[in-house]
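# Residue-level structure breakdown
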Amino acid sequence: MHLVISDAHAGLKAAVAQQFTNSSWQRCRVHFMRNLHTAVAAKHAPAVTAAVKTIFAHTDPDEVAAQWDRVADTLAGSFPKVAAMMGEAKTDVLAFTAFPRAHWQKIWSNNPIERLNKEMKRRADVVEIFPNPAAFLRLATAVVIEAHDEWQVTRRYLPDVSMDELRIVIEKKHAAAALAKQHQIT
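About the thresholds
Residues numbered from 1 in each chain as written. Predicted model: local features only at pLDDT ≥ 70, side-chain atom pairs only at ≥ 80, totals over all residues. Heavy atoms only, no water. UniProt positions renumbered as here; feature names shortened; annotations may be inferred. Helix = DSSP H or I, 4+ residues; strand = E, 2+ residues; numbered from the N terminus. Contact = heavy atoms within 4.5 Å. Salt bridge = Lys/Arg side-chain N within 4 Å of Asp/Glu carboxyl O. Buried < 20%, exposed > 50% of the residue type's maximum accessible area, 1.4 Å probe, protein only. Core = buried A, V, L, I, M, F, W, Y, C linked by side-chain atoms within 4.5 Å. Pairing = 2+ DSSP bridges. Right-handed = clockwise from strand over helix to strand, strands pointing away. Domains from an automatic or database assignment. Expected span 1.5 Å × (residues − 1). Arc of directions from axis to C-beta. Axes fitted to C-alpha atoms, helices over the stretch in contact; angles between N-to-C directions. Left-handed = near helix turned anticlockwise from the far one by under 90°. Nonpolar A, V, L, I, M, F, W, Y, C, P; charged D, E, K, R; others polar.

Per an unreviewed UniProt entry, the protein is named Mutator family transposase, and its organism is Mycolicibacterium hassiacum. In the Function (unreviewed entry) part of its UniProt record, the protein is described as follows: "Required for the transposition of the insertion element." Quoted verbatim from the Sequence similarities (unreviewed entry) heading of the UniProt record, the comment on the protein is "Belongs to the transposase mutator family."

Okay, structure coming up:
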């Protein structure tokens, strides 16, 4: 596993750090935006959202990071709590920039898994009561297989070309980790 995407729930972060030691963690940008909205009055949320969305319009990792800083600086005067939250979350929310550009929209949030969960809930609500846990497991498995087939065949979730780019990123990451480990030994 190379990347885990979730909200900033402390238990999830601890589990990721413990169980997936060589993985990157991406804080879901959608959840982060919801967190930012709690720091401002509802009437100011659209302006904050619009400003933060400008960050994700950039296509170069350095430009993304620079725009993050500009937005945080701009918001600091009117919304100091938002600027502070942005300062604390920058690395976590921008983790996607270490991956190929073609993957960014797929990995900067956990929307795909949330869509899958909603579909599972929708199908389970139709049944209402399952006779046993195995019956629910069969339904859930069928929903996941259907989603997998759709992602693989109908609308390839991550194209082969971008997967090749990802393999290069992963190889570089492994090489850097091996080099760091070698330096620790000597």
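## Thoughts on the overall build of the protein
In terms of helices and strands, the protein carries nine helices and two strands. Taken from N to C terminus, the helices and strands of the protein fall in the order β-α-β-α-α-α-α-α-α-α-α. The dimensions of the protein, computed from C-alpha atoms along their principal axes, are 55 × 55 × 30 Å. In the protein, the proportion of contacts linking residues at least 24 apart, taken out of those at least 6 apart, comes to 56%.

## Structural notes on the pattern of salt bridges
Inspection of every chain in the model, using the stated rule, returns six salt bridges. Between Asp-125 and Lys-121 there is a salt bridge whose closest N-O contact spans 3.0 Å. Taken together, the residues span about one helical turn, with Asp-125 and Lys-121 both in helix H7 (residues 111-127) at a distance of four residues. On the accessibility criterion, Asp-125 (45% relative accessible area) is partly exposed. For Arg-123, the salt bridge is made with Glu-146, and the minimal N-O distance between the two is 2.6 Å. Within this pair, whereas Arg-123 is found in helix H7, its partner Glu-146 is found in helix H8 (residues 133-154), the two being separated by 23 residues in sequence. Its relative accessible area of 21% is what places Arg-123 among the partly exposed residues. Salt bridges sharing partners connect three or more residues here, namely Glu-119, Arg-122, Arg-123 and Glu-146.

## A short note on the nonpolar core
Ranked by internal contacts, the top residues of the largest apolar core, which has 30 residues, are Leu-36, Val-52, Ile-55, Phe-56 and Met-86. If you list the elements that add at least two residues to this core, you get helix H2 (29-37), helix H3 (45-53), helix H4 (61-76), helix H5 (80-93), helix H6 (104-107) and helix H9 (160-185). Not counting residues within four places of it along the chain, the set of residues in contact with Phe-56 comprises Arg-29, Trp-68, Val-93, Leu-94, Phe-96 and Trp-108.

## Description of the pairing of strand E2 (residues 24-27)
For strand E1 (residues 3-6) and E2, the ladder comprises four bridges, and the chain directions are parallel. In the sheet register, Val-4 faces E2, and the bridge partner there is Trp-25. Of the crossover connections in this fold, the one passing from E1 over helix H1 (residues 10-19) to the parallel E2 is right-handed.

## Describing the domain arrangement of the protein
You can read the domains of the protein as domain 1 (3-108) and domain 2 (114-154). Computed from C-alpha atoms alone, the centre-to-centre distance between domain 1 and domain 2 is 30 Å.

## Digging into H7
In this model H7 runs 25 Å from its N-terminal to its C-terminal C-alpha over 17 residues, within 8% of the 24 Å that 1.5 Å per residue would give. Within the sequence span of H7, burial applies to Pro-112, Leu-116, Met-120 and Ala-124. Looking straight down H7, one finds its buried side chains confined to an arc of 110°; they lie on one side. Counted as exposed and oriented over 90 degrees from the buried face of H7: Arg-115, Lys-118, Lys-121 and Val-126. Directly after H7, the chain includes Glu-128, whose backbone phi takes a positive value near 70°.

## So, the environment of Arg-123
C-alpha separation for the pair Arg-123 and Thr-59, spaced 64 residues apart in sequence, amounts to 38 Å. Setting aside residues up to four positions removed in sequence, Arg-123 forms contacts with Leu-139, Val-143 and Glu-146.

## Let's talk about the packing of H2 against H3
Contact pair H2 / H3: the axes reach a minimum separation of 10 Å and the direction vectors enclose 145°. Considering the relative orientation of H2 and H3, their crossing is right-handed. Residues Met-33, Leu-36 and His-37 of H2 touch H3, and the partners they reach there are Ala-45, Val-48, Thr-49 and Val-52. The residue makeup of the contact of H2 with H3, split by class, is five nonpolar, two polar and no charged.

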